[in-house]
Amino acid sequence: MPNVKLKNYFHLHLLVFIAGFTAILGELIVIKAIPLVWFRMVIASILMFIYIKIAKVKLKITPKSIIKLSFAGIIIALHWITFFGAIDESNVSIALAMFSTGAFFASFIEPLIYKRKIIWYEILFGVIVIIGVFIITQSEIKYIKGIVLGISSAFFSSLFAVLNGHFLKQHTATVISFYEFLSGVIFISIFILCFGEGFSFQFFNIVKLDYIYLFILASVCTAYAFIASVYVMKLISPYTVVLTYNLEPVYGVIMALILFPEKEKMSTSFYYGALIIVITVVLNGILKNTRTLKRKDS
């Protein structure tokens, strides 16, 4: 039994490592954020569909549910576009540090959607996170575009997570992911046709390495990660999963420093600000879990 539990914890950390590696792939891939996300969602949709056929998962849901999942699909597409855009405009470290602010957007979005009161310490932690962002901004003002895109990415990610938490009560993760990916592809395709250069030969004429990185991104970091994370949550407490995923920026920044030492070397103030944000996010998770346990006991 201990070996099985240890194996599940290792699997969880592998998933968090994969999540952090997503940012590394964003740095390695040459093409810009919008086509990058389009390729990612197209390949992930195809792989997910193959899995659905093999596993014989039923895709039939109500039109109302399709509309809701389509909205969430647009949100996740915007999250990925702004996240990879943040990497393009700055670097992996900035993008991941700003992404860490997402837990506090969730603290305000969640009460609006689930109609609950805002908890006092969420406001306090929100202020502390803003201080952390301010410290980073002051020392890395040259990356202001990346900082704004990173914060936008965190907002979209939080909105998506809160919406998905509601959807999981009604549908399986596989069905949710498939419709979200599909709607994301349609949304970005319309944007490219209306405001971009369209699907010309140049759009698909990308370097071979990009196709390899995109396939890894869509298969391992997207399709596999989505399905595996749901599997892990059935075996490990949600609290442990959430807290462990807070290590994503830590893993990502360490990998970035090793792989891109020149580009990722930041000022001391950046690391102070990033540390403030990560520690606050972890404390927020601990306090939330404590409150949940107290409610169950009472």
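Residues numbered from 1 in each chain as written. Predicted model: local features only at pLDDT ≥ 70, side-chain atom pairs only at ≥ 80, totals over all residues. Heavy atoms only, no water.

### Some details on unusual backbone geometry
Okay, so step 1: The backbone of K56 shows a phi angle near 55°, a positive value even though the residue is not glycine.
Okay, so step 2: Inspection of the secondary structure assignment puts K56 in the loop between helix 2 (33-55) and helix 3 (63-89).
Okay, so step 3: Given a relative accessible area of 72%, K56 falls into the exposed group. (Helix = DSSP H or I, 4+ residues; strand = E, 2+ residues; numbered from the N terminus. Buried < 20%, exposed > 50% of the residue type's maximum accessible area, 1.4 Å probe, protein only.)

### Re the layout of surface pockets
Okay, so step 1: The space that makes up the second largest pocket amounts to roughly 300 Å³.
Okay, so step 2: In terms of lining residues, the second largest pocket is bounded by 15 residues, among which K32, I34, P35, E197 and F203 are the most central.
Okay, so step 3: Sorting the residues of the lining of the second largest pocket by element identifies helix 2, helix 8 (173-195) and helix 9 (201-204) as the ones contributing at least two each.
Okay, so step 4: Per element, the largest residue contribution to the lining of the second largest pocket is three residues, and it comes from helix 2.
Okay, so step 5: Of the residues assigned to the lining of the second largest pocket, the class counts are nine nonpolar, four polar and two charged. (1 Å grid on protein atoms, 1.4 Å probe; cavity = no way out; pocket = protein on both sides within 12 Å on 5 of 7 lines; lining within 4 Å. Points joined across faces, edges and corners; volume = space filled by probe spheres on them. Nonpolar A, V, L, I, M, F, W, Y, C, P; charged D, E, K, R; others polar.)

### Things to note about the pattern of salt bridges
Between side chains of opposite charge, a pair can form when the charged atoms approach closely.
Okay, so step 1: In the structure shown here, the tally under the stated rule is one salt bridge.
Okay, so step 2: Between K263 and E27 there is a salt bridge, with the nearest N and O atoms lying 2.9 Å from each other. Note that K263 is positioned in helix 13 (residues 261-264) and E27 in helix 1 (residues 2-28), a separation of 236 residues in sequence.
Okay, so step 3: You can call K263 partly exposed: its relative accessible area is 38%. (Salt bridge = Lys/Arg side-chain N within 4 Å of Asp/Glu carboxyl O.)

### Things to note about the confidence of the model for the chain
Okay, so step 1: Looking at the chain, pLDDT values average 86 and 91% of them are 70 or higher.
Okay, so step 2: Within the chain, no element has a lower average pLDDT than helix 11 (residues 238-245), which sits at 67, and none a higher one than helix 3, at 95. (pLDDT = per-residue confidence, 0-100.)

### Quick word on the packing of aromatic side chains
Okay, so step 1: A full pass over the atoms with the stated rule returns 20 aromatic pairs.
Okay, so step 2: With a centroid separation of 5.1 Å and 80° between ring planes, the pair formed by F270 and Y271 is classed as edge-to-face.
Okay, so step 3: In this structure F270 comes out as buried when scored by relative accessible area, which is 1%.
Okay, so step 4: The rings of W38, F39, F199, F203, F204 and Y211 are connected pair by pair, giving a single aromatic cluster.
Okay, so step 5: The ring of W80 has R40 sitting right over it, with the charged end atom 3.8 Å from the ring centre. (Phe/Tyr/Trp six-rings, centres within 6.5 Å; stacked < 30°, edge-to-face > 60°. Lys NZ or Arg CZ within 6 Å of the ring centre and 35° of its normal.)

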